[in-house]
Amino acid sequence: MKISVNKSRTLWWSISGAIILAGIISMLVSWQQIGAPLRPSLDFIGGTRLQFERDCTLPNNCDRPIDINTVREVVESQELADSSIQLIADGETGENNGVLIRTKTLDVDKRTQLQTALTEKIGTFDPKKSQIDTVGPTLGRQLFNSGITSLIVAFAGIVIYLSFRFQKDYAVFAIIATFHDILMTTGIFSIFGLLFGLEIDSLFIVALLTITGFSVNDTVVIYDRIRETLKVNPNRPIVEVVDDAVNQTLARSINTTLTTLLSLIAIFLFGGETLKNFALALILGFVAGAYSSIFIASTLLAWWRSRQEKSNPPAGDSEQLTVNS
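Residues numbered from 1 in each chain as written. Predicted model: local features only at pLDDT ≥ 70, side-chain atom pairs only at ≥ 80, totals over all residues. Heavy atoms only, no water.

Caption draft 1: Just the overall build of the chain, in detail. Within the chain one finds 9 helices and 4 strands. When its helices and strands are written in sequence order, the chain yields α-α-β-α-β-β-α-β-α-α-α-α-α. Taken over the C-alpha trace, the chain has a radius of gyration of 25 Å; the compact-globule value for 325 residues is 20 Å, which it surpasses by more than 25%. By principal-axis analysis of the C-alpha atoms, the chain measures approximately 85 × 40 × 30 Å. In the chain, buried positions account for 45% of the 325 residues. Sequence separation of 24 or more characterises 77% of the internal contacts of the chain that already satisfy a separation of 6 or more. (Helix = DSSP H or I, 4+ residues; strand = E, 2+ residues; numbered from the N terminus. Rg over C-alpha atoms; globule rule 2.2 N^0.38 Å. Buried < 20%, exposed > 50% of the residue type's maximum accessible area, 1.4 Å probe, protein only. Contact = heavy atoms within 4.5 Å.)

What follows is the structure in structure tokens.
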């Protein structure tokens, strides 16, 4: 069955526009609430993160779920009122038997005092499941600056590569599609940050770089097919050429994306807390990349070339549409 992506291009653009707009609104709200468009982890802002889970093998230690108000009272008593507190559900029972606290940088004595006070109020913690991480503010800024620099360098390299390989309009719309994928991923993460407290760390930057490469690769495959078809038949309407190119590469795009997603979903489910957000970012980005390559980059090129053909109709063979070899 063949699909005609250009017939419903307004629908595809509207879906993308709605998701991106929701993400931008979320980033603005997040900026007002926490001073950043996305909720940053300790990797970027520095501080101490403490994660404790109760030892449910001890008698009566997990009879009742942890009350977040009790945790907040303990934290405030330690003069850490500005801390972020999040309860962690037990994977087996679903009860809140763990707590995650993100606060300013604490020394060993302060961490010990806080852990002791929490133990007295909510129960004994399992030392095997306790995690304490501290990142200095200077290192956090360095990681953030390095991540942004990496993204800028990656985009610059992509612009140069596409400019040499394709005509200017191909390159422009491929870059727009890549920005589309980055905006979708960051926007959804911003929404999740507001709703579920989802944080971004240095792996999120790695995920964005990976998404960028995947998106461009998928778009280049379709654009190559369009270019090859136009070489053979330059008089054929661009809308038909684009629809055929999408249909010829559709199975490849879907199969590549699905097989990649299977691995990412496995990492998300079984890869542990450290890799969960990284895998989620890649899942969102790869889905957005496949979508933009098929429904955004191709339809934008067809729309633009159709406008060019109408405004500058060919007068003869010498004026037919040319394509870079």
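Caption draft 2: Spatial organisation of the state of the cysteines. Scanning the model with the defined rule gives 1 disulfide in all. Disulfide pairing places cysteine 56 opposite cysteine 62 at an S-S distance of 2.2 Å. Between cysteine 56 and cysteine 62, the S-S dihedral sits near -95°, and the bridge is therefore left-handed. Judged by its relative accessible area of 40%, cysteine 56 is partly exposed. The exposure class assigned to cysteine 62 is partly exposed, which follows from its relative accessible area of 22%. (Disulfide = S-S within 2.5 Å.)

Caption draft 3: Structural context of the packing of helix H7 (residues 202–232) against helix H9 (residues 273–311). Across the interface, H7 lies against H9 with an axial gap of 8 Å and an inter-helix angle of 25°. In this view, H7 runs roughly parallel relative to H9, as classed from their interaxial angle. For the crossing formed where H7 meets H9, the hand is right-handed. In terms of residue class, the contact of H7 with H9 is made up of 19 nonpolar, 9 polar and 2 charged. (Axes fitted to C-alpha atoms, helices over the stretch in contact; angles between N-to-C directions. Parallel < 35°, antiparallel > 145°, perpendicular 65-115°, else oblique. Left-handed = near helix turned anticlockwise from the far one by under 90°. Nonpolar A, V, L, I, M, F, W, Y, C, P; charged D, E, K, R; others polar.)

Caption draft 4: View of the sheet that holds strand E4 (residues 131–135). Across the sheet, 4 strands lie side by side as E2-E3-E1-E4; this open sheet has antiparallel pairing. Each of the sheet's edge strands pairs with one partner strand only, and the pair in question is strand E2 (84–89) and E4. Each neighbouring strand pair of the sheet contributes to a mean axis angle of 15°, computed without reference to strand direction. Relative to strand E3 (residues 96–103), strand E1 (residues 47–53) runs antiparallel, the two being bridged by 6 bridges. Looking at the pairing, arginine 49 lines up with arginine 102 of E3. Across the face of the sheet, helix H3 (residues 68–77) comes into contact with E2 and E3 while running at roughly 140° to E2. (Pairing = 2+ DSSP bridges.)

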